Amino acid sequence: MIETLSYADALRVLGCKDSRLTKVVRFASAAERTGWALAGGAGLGTSLADLRDAVVRYGGELAGRLPELRDGDRFTRTRRLAAAHAVVVVSAYFEALGESALPFTLERLDHGGGGRSTAVPVAERFAALVSRLLLERLPAPEPHRTHAETRADVERAYLRMSEAVAGYAGGMAVWDELSVEEQLMLPRLLAEGPPARAVRLYDEGYRALALDSHEFGVRDLVTEEQPPGTGLSRVAWLLAELAPPRLGDAPVVHRVRMAASGLDRPLLAGDEPPGDVVLPLLGEGYVRPRCRVAALARDSAPADPGWWADQRLLPDVEAFLAGHLTSLRATQEPLLVLGEPGSGKSTLTEVLAARLARSEFLPVRVELSRVPPDAPVTEQIESSLRAVLGEELRWPGLAEAAGGALPVLLIDGLDELLQGSRTRYDYLERVREFQAAEAALGRPVAAVVTSRTVVADRIRCPEGLVALQLQPFDDDQVRQWLDIWDQTNRAPLARRDLKPLPADVALAQGELARRPLLLMLLALYDAAGNALQREPAPIGRARLYETLIGHHTDGEPLRQAAAALALFARGRQVAPEEELARDVAALCGEGGPPGGFFLVRRGGLGFLHATFGEFLVAWLTVYALRDLDRRHRLAAAEPLALGQGVDDDLLHAVTSFSCLAERGPAVGFTLELLDDLPPAVRARCLTLLTGLLRESLHGRRRRAFTAFEPVRHTVTRRLAAYSANLTLLALGVAGRPVAVSRLLPGLEEWASLTHLWKGHLGREGWTGLVAALSARRVVEGGGEDVVLGSGEGDGMGDVVAVATGRAPRQRRLLDLLLRSLAEGRDLPYHERVALLGELLRAGAASPAAHRALAALWTREGADRAALRPLLRLLLSDPTERAATWEDLLRAGMREEDLWEADQGAD
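Residues numbered from 1 in each chain as written. Predicted model: local features only at pLDDT ≥ 70, side-chain atom pairs only at ≥ 80, totals over all residues. Heavy atoms only, no water.

Q: Would you mind going over the overall build of the chain in detail, with residue names and values included?
A: Within the chain, the secondary structure is distributed over 43 helices and 13 strands. Of all intrachain contacts in the chain linking residues separated by at least 6 positions in sequence, the fraction that spans at least 24 positions is 77%. When the accessible area of the chain is evaluated, it comes to approximately 38,100 Å², of which 51% is carbon and sulfur surface. (Helix = DSSP H or I, 4+ residues; strand = E, 2+ residues; numbered from the N terminus. Contact = heavy atoms within 4.5 Å. Areas by Shrake-Rupley, 256 points an atom, 1.4 Å probe, with all protein chains shown as cover.)

Here is the structure:
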């Protein structure tokens, strides 16, 4: 959770010179640390009435100083305005308290003959009261929450203050002077009177703040629906209202700003597309996105699109961005931006960087696909700066040279980082730690991190982290973007007797028109000859990509596909051009380097968008499968050749480095391409794949394409990938549910395969298979089998159940029981620990068990001595150790505790 300001913090930030207020605050702070006596409480002469007068007076003085708060750099103003809000909150309560109808005055409360004989000393009671009133953190307005929600939080804070005053009064001499009825009524009077009046006073104070300080007004604009806009131009306008554009930057800062100013670049930064088509520019063609927003909690499911459907839709995302960047939260934790492939996450960071480049912010864009995946955040920033500027630039030097401009890190592609590293599930926490370290050095920095939605369940999100999810285009946005396309391309297309893509034709393509990238590809596809207008039937995503890559590729797409496969095997989106040239030559023979519109050279060679590479991997996989079928049919005419076995060398080279399921879109593209094969071809391929799967774990004396080795994997790793991909392909060509007995001799072989996959494909490959393969255990005629592709069952849950000898229902009951242990439903703590121990010793280790142990471990007052043997038991299995370690860390345990337990086991 972020740290908001208390009233005491606000006094320090604003430089309060009221000696009475500062003396009371210092006393209460010291009393919390050392006790009231050592804090000098005996000599404290201030009373509650005096404190009320001082707080109200200072609040009035501050109202006249609001224009002064706008001086200083961006972060200084942010803190001052947050402090002013805290003063408004507390001043309203004290003013209301002094005006409330109570059975005593505050002066009588303070001077009613001293403390009661059996009560705590007055000074100590007063210290505790001041702590509750002035030292506790206060609600603050934030753009992801409505003003009504903030107002409700303020009212709850007032109720807590009234409870503190009631408790204080109960220990004073005046309490004995009240009648029994007055004693009973006092808590109610304090709960109903001062809070209600204070909220009305707070409203007045907040309106004054919003009128004088545009930052508060911007946050209020978030709830107002705005007309369509492009290029995030409203962000620039809102920020210009806060402060004029910066002038006179240091040379290095000016170069960073110029690198971010890319509004005049095309939406896709590749070579010019053929056919005289003109791509809209970033500043004109980027349509303002629709977003949902949520503060993530333990039970949030940000990887589930259904969960996002219940979250708040932002009416004005540009006001939200401006409001977020001017809030305290921006410098305490990153803003997470999620979206589907092609939803515009990267483009959002590009356009936002360009808009911030001429403001009081300093944007630094970091593409995680192009930096060392396991490097610290500072090194990743410096690597990105080096790639963009072509020179070495140290982050501390740049931050110091910013001259008060607030640096904003726009970190793009966390999903790519997870693909290239198995240990970065805590990356958001690392960014937050980096922000905290920079703030401690007097160099606050804001951060925005983007990622695909599907991997959000593999990211450990700090409690309360604010996340946005980019929504698909609605009909109006589709029409708006196509109007821009029309204005840009009507004349070039008319020269070829063609017309721009109409909105009704695009909308007929369904979901393809709802993602910005795919809508642009539809427009490019149609621009080749108005093919989409002539054939309005839905074309499918795979056909769209295949046609475009065929039209916009220099020569045969096979070389591009080989480059895509080499990148896919590396788990990266960019690699040195000379390395990719070597890999392409090893697979396709000598020739020119891969080229075309969809490949770009920027710190290495990579694709314009990850989905282009994912499609080409799928295309090459199906190409190799069709080549296998062709060779087998040719060999059928040569009995001696057929006797040598099926030549699967190309298919093996293509599918033995990485499991297709590591990237969900690659599986989707593969299934679409397989679905287009003629039924006879698919039937033959199913037979061939079944035979290969049964022999997949047996070695071959000789293979071709051995020079193609983009990464060096163990034999077992390649066997796991090859057999998993054969299974996915077999299910794909079947086009219907397939029983394991159709693919393998028996369930023993199936269990061996599942263990091989889980042990050697890594977290990405295994979780991808869990998502891609649905498996259902069936018992018919006394025999047991597993049906794949039925759409029923708990993903691969039934696969695991069969592989481990447990029935699916038993596994689900175990998970429910383990979850109840984690949440502590009506069971004493020691009994929960004992029951978890029995389950683990009985072999019930699973992700649910890991979460249960972590929940018991991180609970306040946990008996870690009793849990430590269970932790060592979980870490004792060498085949599951890495996955268990990651599960426990993601569930909230500290790595130091895991190392300590591990050393104890040794």
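Q: Any details on the pattern of salt bridges? Residues and values, ideally.
A: For the structure shown, the criterion picks out 59 salt bridges. Note that Arg137 and Glu3 form a salt bridge whose closest N and O atoms lie 3.6 Å from each other. Here Glu3 lies in the segment before helix H1 (7–14) and Arg137 lies in the loop between helix H6 (122–135) and helix H7 (147–169), a separation of 134 residues in the sequence. One salt bridge in this structure joins Arg188 and Glu192, with 3.1 Å as the shortest N-O distance. Here Arg188 and its partner Glu192 are both found in helix H9 (residues 180–212), four residues apart, which amounts to about one turn of the helix. (Salt bridge = Lys/Arg side-chain N within 4 Å of Asp/Glu carboxyl O.)

Q: Which residues make up the sheet that holds strand S7 (residues 466–470), and what values do they have?
A: Reading across the sheet, the seven strands line up as S2-S1-S7-S3-S6-S5-S4 and stay open at both edges, with mixed pairing between neighbours. Looking at the sheet topology across the chains shown, the edges are occupied by strand S2 (312–314) and strand S4 (361–367). Neighbour-to-neighbour, the strand axes of this sheet turn through a mean angle of 25°, independent of strand direction. In the sheet, strand S3 (residues 335–339) pairs with strand S6 (residues 446–452) via five bridges, with the strands oriented parallel. Looking across to S6, one finds that Leu335 is bridged to Val448. Each of S3, S4, strand S5 (406–412), S6 and S7 touches helix H16 (residues 345–356); the most contacted strand, S5, lies at about 165° to it. (Pairing = 2+ DSSP bridges. Axes fitted to C-alpha atoms, helices over the stretch in contact; angles between N-to-C directions.)

Q: Could you give an account of the packing of helix H32 (residues 679–695) against helix H33 (residues 715–734), naming the residues involved and the relevant values?
A: Contact geometry of H32 with H33 gives a least axis separation of 9 Å together with a crossing angle of 155°. In terms of orientation, H32 and H33 fall into the roughly antiparallel class. Note on packing geometry: the crossing formed by H32 with H33 is left-handed. Each of Arg682, Cys685, Leu686, Leu689, Leu692 and Leu693 in H32 lies in contact with H33, whose residues at this interface are Tyr722, Ser723, Leu726, Thr727, Leu729, Ala730, Val733 and Ala734. Class assignment of the residues belonging to the contact of H32 with H33 gives a composition of eleven nonpolar, two polar and one charged. (Parallel < 35°, antiparallel > 145°, perpendicular 65-115°, else oblique. Left-handed = near helix turned anticlockwise from the far one by under 90°. Nonpolar A, V, L, I, M, F, W, Y, C, P; charged D, E, K, R; others polar.)

Q: Can you explain the sheet that holds strand S9 (residues 599–601)? Please cite residues and give values.
A: Ordered in space as S8-S10-S9, the three strands form an open sheet in which the pairing is antiparallel. Because the sheet does not close on itself, it has two edges, and the strands there are strand S8 (574–575) and S9. For S8 and strand S10 (residues 605–607), the ladder comprises two bridges, and the chain directions are antiparallel. Along S10, the bridge assignment pairs Val574 with Gly606.

Q: Outline unusual backbone geometry, listing residues and values.
A: Despite not being glycine, Asp497 has its phi angle at roughly 60°, a positive value. Tracing the backbone through its elements, the reader meets Asp497 in the loop between helix H21 (475–494) and helix H22 (503–507). A relative accessible area of 73% means that Asp497 is categorised as exposed. A positive phi angle, close to 55°, is found at Asn530, a residue other than glycine. On the secondary structure map, Asn530 appears in the loop between helix H23 (516–527) and helix H24 (531–534). (Buried < 20%, exposed > 50% of the residue type's maximum accessible area, 1.4 Å probe, protein only.)

Q: For the side chain of Thr670, give the residues involved together with the corresponding values.
A: Relative to the helices and strands, Thr670 is located in helix H31 (residues 664–675). Judged by relative accessible area, which is 4%, Thr670 ranks as buried. Engagement of the side chain of Thr670 in a polar contact is seen with the backbone oxygen of Ala666, the distance being 2.7 Å. Excluding residues that lie within four positions of it along the chain, Thr670 makes contacts with Ala618, Val622, Leu660 and Leu729. (Polar contact = N/O pair within 3.5 Å; in protein donor to acceptor, adjacent residues only side chain to side chain.)

Q: Please provide a residue-by-residue account of helix H26 (residues 558–570), values included.
A: Taking 1.5 Å of rise per residue, the 13 residues of H26 would be expected to cover 18 Å, and the 19 Å separating its terminal C-alpha atoms lies within 8% of that figure. Gly571 sits one or two residues past H26 and shows a positive phi near 75°. (Expected span 1.5 Å × (residues − 1).)

Q: Explain the environment of Ile549 to me, using residue names and the numbers behind them.
A: Mapped onto the elements of the fold, Ile549 is located in helix H25 (residues 541–551). Excluding residues within four positions of it along the chain, Ile549 makes contact with Pro557, Gln560, Phe598, Phe612, Phe615 and Leu616.

Q: Tell me about the pairing of S5, and please be specific about residues and values.
A: Burial runs high along S5: seven of the seven residues are buried. Across seven bridges, the pairing between S4 and S5 is parallel. By the bridge assignment, Val364 is partnered in S5 with Leu409.

Q: Provide a residue-level description of the pairing of strand S1 (residues 291–295), including the pertinent values.
A: When you tally the buried positions in S1, you get four out of five residues, the bulk of the element. Note that S1 and S2 share three bridges and pair antiparallel. When the sheet's bridge partners are listed, Val293 is paired in S2 with Arg312. As defined by bridge partners, S1 adjoins S7 across five bridges and the pair is classed as antiparallel. Along S7, the bridge assignment pairs Arg292 with Gln469.

Q: Can you tell me about the packing of helix H17 (residues 377–389) against helix H20 (residues 427–440), naming the residues and giving the values?
A: Each packed pair of helices is defined by two parameters, the angle between the axes and the distance between the axes. Direction vectors running N to C along H17 and H20 enclose 85°, while the axes themselves pass 10 Å from each other. Taken together, the axis directions place H17 and H20 in an arrangement best described as roughly perpendicular. Residues Val377, Thr378, Gln380 and Ile381 of H17 form the contact with H20, whose own contacting residues are Tyr427, Arg430, Val431 and Phe434. Taken together, the residues of the contact of H17 with H20 break down into five nonpolar, two polar and one charged.

Q: Break down helix H42 (residues 881–890) for me, citing the residues and quoting the values.
A: For H42, every residue scored as buried is listed here: Thr884, Trp885, Glu886, Asp887, Leu888 and Leu889. After H42 finishes, the residue Gly892 shows a positive phi value of roughly 115°.

Q: Residue-level account of the packing of aromatic side chains, with values.
A: Inspection of every chain in the model, using the stated rule, returns 16 aromatic pairs. Between the aromatic rings of Tyr93 and Phe94, the centroid separation amounts to 6.2 Å while the plane-to-plane angle is 85°, which identifies the pairing as edge-to-face. Of the two residues, Tyr93 and Phe94, both sit in the buried class. Among the aromatic residues, those joined into a ring-pair cluster are Tyr545, Phe612, Phe615 and Phe669. Here the basic side chain of Arg541 rests over the ring of Phe669, its NZ or CZ set 4.1 Å away from the ring centre. Lying over the aromatic face of Phe657, Arg718 brings its terminal NZ or CZ to 4.0 Å of the ring centre. (Phe/Tyr/Trp six-rings, centres within 6.5 Å; stacked < 30°, edge-to-face > 60°. Lys NZ or Arg CZ within 6 Å of the ring centre and 35° of its normal.)

Q: How would you summarise the confidence of the model for the chain if you had to cite specific residues and measurements?
A: Mean pLDDT for the chain: 86, with 90% of residues reaching 70 or above. Of the regions scoring below 50 in pLDDT, residues 113–119 engages in 13 contacts with residues more than four places distant in sequence or in other chains. When the criterion is pLDDT under 50, residues 793–810 qualifies, and its contacts beyond four places in sequence or with other chains add up to 41 contacts. (pLDDT = per-residue confidence, 0-100.)

Q: Account for the side chain of Asp649, naming residues and giving values.
A: Looking at the secondary structure, you find Asp649 in helix H30 (residues 649–655). Beyond its immediate sequence surroundings of up to four residues, Asp649 is in contact with Arg700, Arg703, Ala704 and Phe705.

Q: Any details on the environment of Gly285? Residues and values, ideally.
A: Residue position: Gly285 is located in helix H13 (residues 282–285). Residue classification places Gly285 among the buried residues on the basis of a relative accessible area of 3%. Counting along the chain gives 200 residues from Gly285 to Trp485, while the straight-line C-alpha distance between them is 7.9 Å. When residues no more than four places from it in sequence are discounted, the contact partners of Gly285 are Leu267, Pro280, Trp481 and Ile484.

Q: So what about the environment of Ala330? Which residues, and what values?
A: The topology assignment puts Ala330 in the loop between helix H15 (317–325) and S3. Sequence separation between Ala330 and Val408 is 78 residues, and the spatial gap between their C-alpha atoms is 8.9 Å. Look past the residues within four positions of Ala330 in its chain and what remains in contact with it is His324, Leu325, Gln435, Val445, Ala446 and Ala447.

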